[in-house]
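Chain by chain, the residues:
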Amino acid sequence: MRTVLVVEDEMKIARVVRDYLTDAGFDVIVASNGEAALASARGSRPDLVVLDLGLPGIDGLDVARELRGSSHVPIVMLTARGEETDRIVGLELGADDYVVKPFSPKELVARVRAVLRRTSTAEMLREQPVRVADVEIDPQRMRVTASGRPVELTPTEFQLLAALAREPGRVFTRGQLLDAIHGMAIESYERAIDAHVKNIRKKLEPEPGKPRYVLTVHGVGYRFADA
Ligand code: CA
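The rules behind the values
Residues numbered from 1 in each chain as written. Predicted model: local features only at pLDDT ≥ 70, side-chain atom pairs only at ≥ 80, totals over all residues. Heavy atoms only, no water. Helix = DSSP H or I, 4+ residues; strand = E, 2+ residues; numbered from the N terminus. Rg over C-alpha atoms; globule rule 2.2 N^0.38 Å. Contact = heavy atoms within 4.5 Å. Areas by Shrake-Rupley, 256 points an atom, 1.4 Å probe, with all protein chains shown as cover. Pairing = 2+ DSSP bridges. Axes fitted to C-alpha atoms, helices over the stretch in contact; angles between N-to-C directions. Domains from an automatic or database assignment. Buried area = accessible area lost by both parts, 1.4 Å probe. Salt bridge = Lys/Arg side-chain N within 4 Å of Asp/Glu carboxyl O. Polar contact = N/O pair within 3.5 Å; in protein donor to acceptor, adjacent residues only side chain to side chain. Nonpolar A, V, L, I, M, F, W, Y, C, P; charged D, E, K, R; others polar. Core = buried A, V, L, I, M, F, W, Y, C linked by side-chain atoms within 4.5 Å. Buried < 20%, exposed > 50% of the residue type's maximum accessible area, 1.4 Å probe, protein only. Donors = N, O, S within 2.8 Å, 3.2 Å for Na, K, Ca; no water.

1. Quick word on the overall build of the chain
Then, number 1: Counting its secondary structure elements, the chain contains nine helices and 12 strands.
Then, number 2: For the chain, whose C-alpha radius of gyration is 17 Å, the value lies close to the compact-globule estimate of 17 Å for 227 residues.
Then, number 3: For the chain, the C-alpha atoms occupy an extent of roughly 55 × 35 × 30 Å along the three principal directions.
Then, number 4: Nonlocal contacts in the chain, meaning residues at least 24 apart in sequence, comprise 59% of its contacts between residues at least 6 apart.
Then, number 5: When the accessible surface of the chain is totalled, it reaches about 10700 Å², and 49% of it is carbon and sulfur.

2. Structural notes on the sheet that holds strand β1 (residues 3-7)
Then, number 1: With parallel pairing, the five strands of this open sheet are ordered in space as β2-β1-β3-β4-β5. What marks the edges here is a single partner per strand, and that holds for β2 (27-31) and β5 (97-101). Between one strand and the next, the sheet's axes are offset by a mean angle of 20°, whatever the strand orientation.
Then, number 2: When strand β4 (residues 75-80) meets β5, the two strands line up parallel, connected through five bridges. Residue pairing across strands places leucine 78 opposite valine 99, the latter belonging to β5.

3. Overview of the domain arrangement of the chain
Then, number 1: By the assigned domains, the chain splits into domain 1 (3-119) and domain 2 (124-224).
Then, number 2: Measuring from the centre of the C-alpha atoms in domain 1 to the corresponding centre in domain 2 gives 24 Å.
Then, number 3: Here domain 1 meets domain 2 over a buried area of about 1800 Å², counting both sides, of which 52% is carbon and sulfur.
Then, number 4: Area buried by domain 1 at its contact with domain 2 is led by His72, Glu92 and Arg118, which between them contribute 37% of it.
Then, number 5: Connecting domain 1 to domain 2 are one salt bridge.
Then, number 6: We note a salt bridge from glutamate 92 to lysine 198, for which the minimum N-O separation is 3.4 Å.
Then, number 7: The tally of links between domain 1 and domain 2 comes to five residue pairs in polar contact (both at pLDDT 80 or more).
Then, number 8: Secondary-structure elements contributing two or more residues to the side of domain 1 that touches domain 2 are α4 (84-92), β5 and α5 (105-119).
Then, number 9: For the side of domain 1 that touches domain 2, the class distribution of residues is eight nonpolar, three polar and eight charged.

4. Some remarks on the nonpolar core
Then, number 1: Counting 26 residues, the largest nonpolar core has Ile137, Val144, Leu161, Leu204, Val214 and Phe224 as the members making the most contacts within it.
Then, number 2: When residues of this core are traced back to their parent elements, those giving at least two are β6 (130-132), β7 (135-138), β8 (143-146), α7 (155-166), α8 (174-180), α9 (189-204) and β12 (221-224).
Then, number 3: If you tally residues by element for this core, the top one is α7, at six residues.
Then, number 4: Contact partners of leucine 204, with chain neighbours within four places excluded, come to Val135, Val144, Ala146, Arg149, Val151, Leu161, Tyr213 and Val214.

5. Remarks on the coordination of the calcium ion
Then, number 1: The protein atoms donating to the calcium ion are Asp9 (OD), Asp52 (OD) and Gly54 (O), with metal-donor distances spanning 2.2 to 2.4 Å.
Then, number 2: Sequence spacing of the donor residues for the calcium ion, all on one chain, is D-x42-D-x1-G. Taken together, the positions of aspartate 9 in the loop between β1 and α1 (11-23) and aspartate 52 in strand β3 (residues 48-52) put the pair 43 residues apart, joining distant regions of the chain.
Then, number 3: Owing to a relative accessible area of 29%, aspartate 9 belongs among the partly exposed residues under this scheme.
Then, number 4: The exposure class of aspartate 52 is buried, given its relative accessible area of 3%.

6. Some thoughts on the pattern of salt bridges
Then, number 1: Counted under the stated rule, the structure contains 16 salt bridges.
Then, number 2: Lysine 101 serves as the salt-bridge partner of glutamate 8, at 2.9 Å between the closest nitrogen and oxygen. Here glutamate 8 is found in the loop between β1 and α1, whereas its partner lysine 101 is found in strand β5, with 93 residues between them in sequence. One exposure class covers both glutamate 8 and lysine 101, and it is buried.
Then, number 3: Here aspartate 96 ties to arginine 68 by a salt bridge, and the two come within 3.3 Å at their closest N and O atoms. Here the residue aspartate 96 occupies a position in the loop between α4 and β5, and arginine 68 occupies one in helix α3 (residues 60-70), the gap between them amounting to 28 residues.
Then, number 4: Its relative accessible area of 3% is what places aspartate 96 among the buried residues.
Then, number 5: Members of the salt-bridge network, linked through shared partners, are Glu8, Glu10, Asp52 and Lys101.

Below you can see the structure in the form of structure tokens.
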């Protein structure tokens, strides 16, 4: 059974989320603050973390940063309306998706399933390695190298880069890229894709400000360099 760590200080919300995820067949651990969340993440190695950004003590973004420092565990953020900046920062820190409060618990369960699907090893094992320019993408090992230099990506960044690199030169709209990572049509998804791309560039490109692999197509989206 897969384990989800729910980090939420509002007990009413935590209980509803726990009940829905339990009904959906997950093992659920609840932590009501950042310190407890980090201890749980270390101790019980959850398969996914649902993380409220507004926490007392260590805030949600710091929890995300800490988690990313030591693991690739998928993260779905819970954010309040009006916290768009935090949402983008969270995605840049490597969170995989988010839902905005107030949310429907059913929608959250669907998001959790979608993120687990796209980050599952079994899914990636079916995909072939890609080599384009001096970038090598190996889905079986979830490994990326650029000129032989290893590049550490989160599962979502990995899927996004692989989708672009599989068809060098093809222009993808942000909506198509969202489909490629099995995302859902979410509020400000274009900015979410931009945040993931910014992250990939920071890690992959020798000069992130002058990208040579993942190129912007103004007014449309992105493409992987074909020459
Ligand atoms: Ca909160």
